[in-house]
Structures are given as C-alpha cells and as structure tokens.
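# Coordinate inspection notes
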Amino acid sequence: PRSVELVAADVPAFGWRRFSLAESEAAEVQVDREREIAAGGVKVVAAGDGTLAVSFGDRTWTGLCAVEDEGDRGDTYDFDPVASDPPKPLGVEIERRRHPCGIAWLRVSRRFEVPAALAPDRERRGDAVALLDLVLEARVAPGLERVDLDVALVNRACDHRLRLVFPTGAAPAEARAETTADLVGRRPAWRAAERWQHPPPRTFCQQGVVAAGGLAIGAPGLY
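Presented here is an overview of the structure given in this document.

Thresholds applied
- Residues numbered from 1 in each chain as written.
- Predicted model: local features only at pLDDT ≥ 70, side-chain atom pairs only at ≥ 80, totals over all residues.
- Heavy atoms only, no water.
- Salt bridge = Lys/Arg side-chain N within 4 Å of Asp/Glu carboxyl O.
- Helix = DSSP H or I, 4+ residues; strand = E, 2+ residues; numbered from the N terminus.
- Pairing = 2+ DSSP bridges.
- Axes fitted to C-alpha atoms, helices over the stretch in contact; angles between N-to-C directions.
- Phe/Tyr/Trp six-rings, centres within 6.5 Å; stacked < 30°, edge-to-face > 60°.
- Buried < 20%, exposed > 50% of the residue type's maximum accessible area, 1.4 Å probe, protein only.
- Lys NZ or Arg CZ within 6 Å of the ring centre and 35° of its normal.
- Patch = residues over 30% accessible without salt bridge, like charges linked within 9 Å, V, L, I, M, F, W, Y side chains within 5 Å.
- Areas by Shrake-Rupley, 256 points an atom, 1.4 Å probe, with all protein chains shown as cover.
- Lys, Arg positive; Asp, Glu negative; His and termini not counted.
- Polar contact = N/O pair within 3.5 Å; in protein donor to acceptor, adjacent residues only side chain to side chain.
- Core = buried A, V, L, I, M, F, W, Y, C linked by side-chain atoms within 4.5 Å.
- Contact = heavy atoms within 4.5 Å.

Tallied over the full model, the rule gives 16 salt bridges. Ionic pairing is found between Glu 5 and Arg 139, a salt bridge with its closest N-O pair at 3.2 Å. Here the residue Glu 5 occupies a position in the segment before β1 (30-32), and Arg 139 occupies one in strand β10 (residues 129-140), the gap between them amounting to 134 residues. One network of salt bridges, with partners in common, ties together Glu 5, Arg 139, Arg 146 and Asp 148.

Where strand β13 (residues 175-178) meets strand β14 (residues 183-186), 4 bridges bridge the pair, whose relative direction is antiparallel. Of the residues in β14, the one forming a bridge with Ala 175 is Arg 186. Here β13 hands over to β14 after 4 residues, the two strands then running antiparallel side by side.

Read from one edge of the open sheet, 4 strands run β14-β13-β15-β16, paired in antiparallel fashion. Strands at the two margins of the open sheet, each flanked by one partner only, are β14 and β16 (215-218). Averaged over neighbouring strand pairs, the angle between their axes works out to 15 degrees when direction is ignored. As paired strands, β13 and strand β15 (residues 209-212) are joined by 3 bridges and run antiparallel to one another.

Okay, the packing of aromatic side chains next. Across all of its chains, the model carries 1 aromatic pair by this definition. Ring geometry for Phe 56 and Trp 61: centres 6.1 Å apart, planes at 70 degrees, overall edge-to-face. Phe 56 sits in the partly exposed class, given a relative accessible area of 28%. The side chain of Arg 97 reaches across the aromatic face of Trp 105, ending 4.8 Å from its centre. Here Arg 161 stacks its cationic end above the ring of Phe 79, 3.6 Å away from the centre of that ring.

Our next topic: a nonpolar patch on the surface. Taken together, the side chains of Val 4, Leu 6, Val 11, Phe 19 and Leu 21 define a hydrophobic patch exposed on the protein surface, amounting to about 480 Å² of accessible area. Note on placement: Phe 19 falls in the segment before β1. Its relative accessible area of 38% is what places Phe 19 among the partly exposed residues.

Bringing the side chain of Arg 110 into the picture now. Structurally, the position occupied by Arg 110 is in strand β9 (residues 104-115). For the buried Arg 110, no salt bridge exists, and the shortest N-O distance to an oppositely charged side chain is 6.1 Å, to Asp 49. Only 2.9 Å separates the side chain of Arg 110 from the backbone oxygen of Cys 65, close enough to count as a polar contact.

In summary, soluble globular proteins display a tendency toward joint burial of nonpolar side chains. Counting residues in hydrophobic clusters, the biggest one holds 19 residues, and the most contacted among them are Val 44, Leu 52, Val 140 and Val 147. At the level of secondary structure, the elements contributing two or more residues to this core comprise β2 (36-39), β3 (42-46), β4 (52-56), β5 (59-64), β9 and β10. Residues contacting Val 44, with those up to four places away along its chain left out, are Arg 35, Glu 36, Ile 37, Leu 52, Ala 53, Val 54, Leu 106, Ala 138, Val 140 and Val 147. Counting 8 residues, the second-largest nonpolar core is a separate cluster that includes Val 114, Ala 116, Ala 130 and Ala 157.

Moving on, we come to the sheet that holds strand β7 (residues 81-82). Strands in a sheet are paired, the pairing made by backbone hydrogen bonds, and the direction either parallel or antiparallel. Ordered in space as β7-β6-β12, the 3 strands form an open sheet in which the pairing is antiparallel. Each edge of the open sheet carries a strand with a single partner, namely β7 and β12 (160-165). Of the pairings in the sheet, the one linking strand β6 (residues 66-72) to β12 comprises 6 bridges and is antiparallel in character. Pairing of Ala 66 across the sheet is with Val 165, part of β12.

Take the side chain of Arg 96 next. Positionally, Arg 96 belongs in strand β8 (residues 89-98). A polar side-chain atom of Arg 96 sits 2.9 Å from a polar atom in the side chain of Asp 32. A distance of 2.9 Å separates a polar atom in the side chain of Arg 96 from the backbone oxygen of Glu 36. In contact with Arg 96, other than residues within four places in its own chain, are Gln 30, Val 31, Asp 32, Glu 34, Glu 36, Ile 37, Trp 105 and Leu 106.

Quick look at the structure:
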C-alpha cells in the first residue's frame, strides 16, 4: 500500500476539482548536514543547541522546541514542581533531506542527561541520572504556510515533566486556547498564591491549539 499526499490548489468554494494520479520514476532524496529548509515564505533553521528558528515572511520566532524538564512529586491529578536545573543537550545531530517536489525535512536528534527520579524524601531530585533521547523532524512543503513537526521521545526517567517550549518573543495581551468545547482567551499571567494551600498552576494543559503573539501551535488529540 502507498500513501499519497498533495496540496489541492484552486478548489472552488463549495465546489470540487478532479485530480489524476500517475506513477512516475523514482526521485532521489538529497541528504546532507545543512541546517536550513524553506518552501514559499516559510523557512526553518536549526541552531547548534537543537532549537528552531521559524520564519513566516519577514517575521521570525527563535528558540522554538527548547526543552524544559522539571521534577514532579504530584499525584495522578496535579503537578507539584521540584526545583530543577535546565537540561542541557549532551549531543545534537542534524540531518537535512530535500525531495525534488519541494518538500524538505530537518531531523534534529538531541540527548539529555536528567535526574533519574526524586530522592527518597521527595523534596529534591536524586543524584542518579538517566538519558533522554528526543528526535524532532520539521517539514515544509510548497503551498503550505505552516511547519509540520513529528516528535519522538525515549524517556528513561521518572518523577518529572518534560515539555517543549515555544517562545513568542514578547508577552502577548491574550492567548487563545482550545478547551473541551470552545476556543477561549486567556491572559498570560497567574494569580498570586502566597496564601494558597495548593498553588494554582502557572500554565494550563493545551487541548489541541494554542495561539499567542502571532504564533499558533496545533497538536490535535494531544493533551
């Protein structure tokens, strides 16, 4: 079986258009170690630390897909943070692939060393370490004004929360976030919690789409 993907251009509103598929000669994919891909007005550049700079036209966001790792002593329902140092990649490998049709990929492989678990008193992270392997593949294609991401993680640690970070560059006045049954606006601030028995979370679990500062991140089905 084969999977076929194409950009259906110039489809009339409330109408349809017929496309014919025909088998062609095999096309060779070019593979190298360069760090930049582009299609139309979309460009992706991988930095030495494995983060991405993404440009749409003349606007660029940097530091995307950075990794945040925090210790967690919470229960099934709540995250309870434990002081943690930012993880640093032990190694970064970057591979670029380009197809003659214009589709291009950047494959970024990173390995991190993090505490393997909490200490027995659960007040700090333990001294033993574990390795995390994170592989991210960014793809651009002609006719698509977006960047597709595939993320694969091999997690060997316990008692922690690992997240990808997408900086917007400045604090926006409002963030739009999908919820169970609606798309709502949220202010990028949190309540003071000095007298709270259980402090409220500073971030909210995404439920499909988050948009802020001109940047939208979509992960349908991922919570």
